[in-house]
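Descriptive analysis of the structure
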Amino acid sequence: MQGSLIQHYGPTPIMERMSRHGSKIAKVVMNPGQDLFARVGSMIAYEGLIDFNPQPPQLGRIASSWATGEGVPLMTATGQGLLYLADYGKEVIVAQLAGEGLSVNGKNILAFDAGLQWSIERVRGITMLSGMGMFNVVVRGHGWVALTAKGSPIVLDTREASTYVDTDALVAYTDGLRVEPRRTARLGGLIGRGSGEAFQLGFSGQGFVVVQPSEDERPTFSVRG
């Protein structure tokens, strides 16, 4: 019985720094000198000698004003072994950056290599639509990123045609894409629900957009200065 369970549910073979076990667990190969930022509480298991720091000093004050406004607490993971991460059964997406950048909704960040450059940046176009600002986490450089999505995501290629995405369903997109705001009538507004308006962002250029099949309402922020 034990052999059968391991055969069907045991860890997948080690291939890369980050990989998926099934669709809802990220597996990270930890080595000395390859620190990881991960969402606090996302560790579900580990093998080897791995330490966690829920208040990494290198994040500084910026961590307390994360993109969601509610704060997305991060921890550092250091050591050697295998680390398994998950976030309440959400689907996991693993991507390797090779010098490019990825703009990610803060709610969808699961983990990323500590060696990547990162910052919180305003999503272009949102202010033009609503007078409010929406912020994403942008990671750049060479390394690995793990994201989550509510339901199986779709990755849309933006090279051949402009792709329009509901802002509440947007998970991530290639940094540097051309962003075009758009306002349309929302069906709910026609039957007495909502404001009657919906906001989308159009993306075009060399890259992709990740969309989840769930319209999480994203907090917005007034932009001053």
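Summarised in this report is the structure supplied together with it.

Scoring rules and cut-offs
Residues numbered from 1 in each chain as written. Predicted model: local features only at pLDDT ≥ 70, side-chain atom pairs only at ≥ 80, totals over all residues. Heavy atoms only, no water. Helix = DSSP H or I, 4+ residues; strand = E, 2+ residues; numbered from the N terminus. Phe/Tyr/Trp six-rings, centres within 6.5 Å; stacked < 30°, edge-to-face > 60°. Buried < 20%, exposed > 50% of the residue type's maximum accessible area, 1.4 Å probe, protein only. Lys NZ or Arg CZ within 6 Å of the ring centre and 35° of its normal. Salt bridge = Lys/Arg side-chain N within 4 Å of Asp/Glu carboxyl O.

**Some words on the environment of lysine 90**
- Along the chain, lysine 90 falls in the loop between strand 5 (74–85) and strand 6 (91–104).
- For the pair lysine 90 and serine 23, spaced 67 residues apart in the sequence, the C-alpha separation amounts to 8.3 Å.

**Some points on the packing of aromatic side chains**
- By the definition in use, this model includes five aromatic pairs.
- Residues phenylalanine 37 and tryptophan 118 carry aromatic rings whose centres are separated by 6.4 Å and whose planes lie at 70° to one another, so their mutual orientation is edge-to-face. Of this pair, phenylalanine 37 sits in strand 3 (residues 36–39) while tryptophan 118 sits in strand 8 (residues 117–122), placing them 81 residues apart in sequence.
- Between tyrosine 46 and phenylalanine 52, the aromatic rings sit 5.5 Å apart at their centres with planes inclined by 65°, giving edge-to-face as the arrangement.
- On the accessibility criterion, tyrosine 46 (39% relative accessible area) is partly exposed.
- The exposure class of phenylalanine 52 is partly exposed, given its relative accessible area of 27%.
- Each residue in the set Phe37, Phe112 and Trp118 is aromatic and connected to the rest through ring pairs, giving one cluster.
- For arginine 182, the ring lying beneath its charged end belongs to tyrosine 164, and the centroid distance is 5.1 Å.

**Observations concerning the pattern of salt bridges**
- Taken as a whole, this structure holds six salt bridges when the rule is applied.
- The partner of aspartate 113 in a salt bridge is arginine 17, with the nearest N and O atoms 2.7 Å apart. With aspartate 113 in strand 7 (residues 109–113) and arginine 17 in the loop between helix 1 (2–9) and strand 1 (18–21), this residue pair connects regions lying 96 residues apart in the sequence.
- Taken together, the shared-partner salt bridges connect Arg39, Asp87 and Lys90 into one network.

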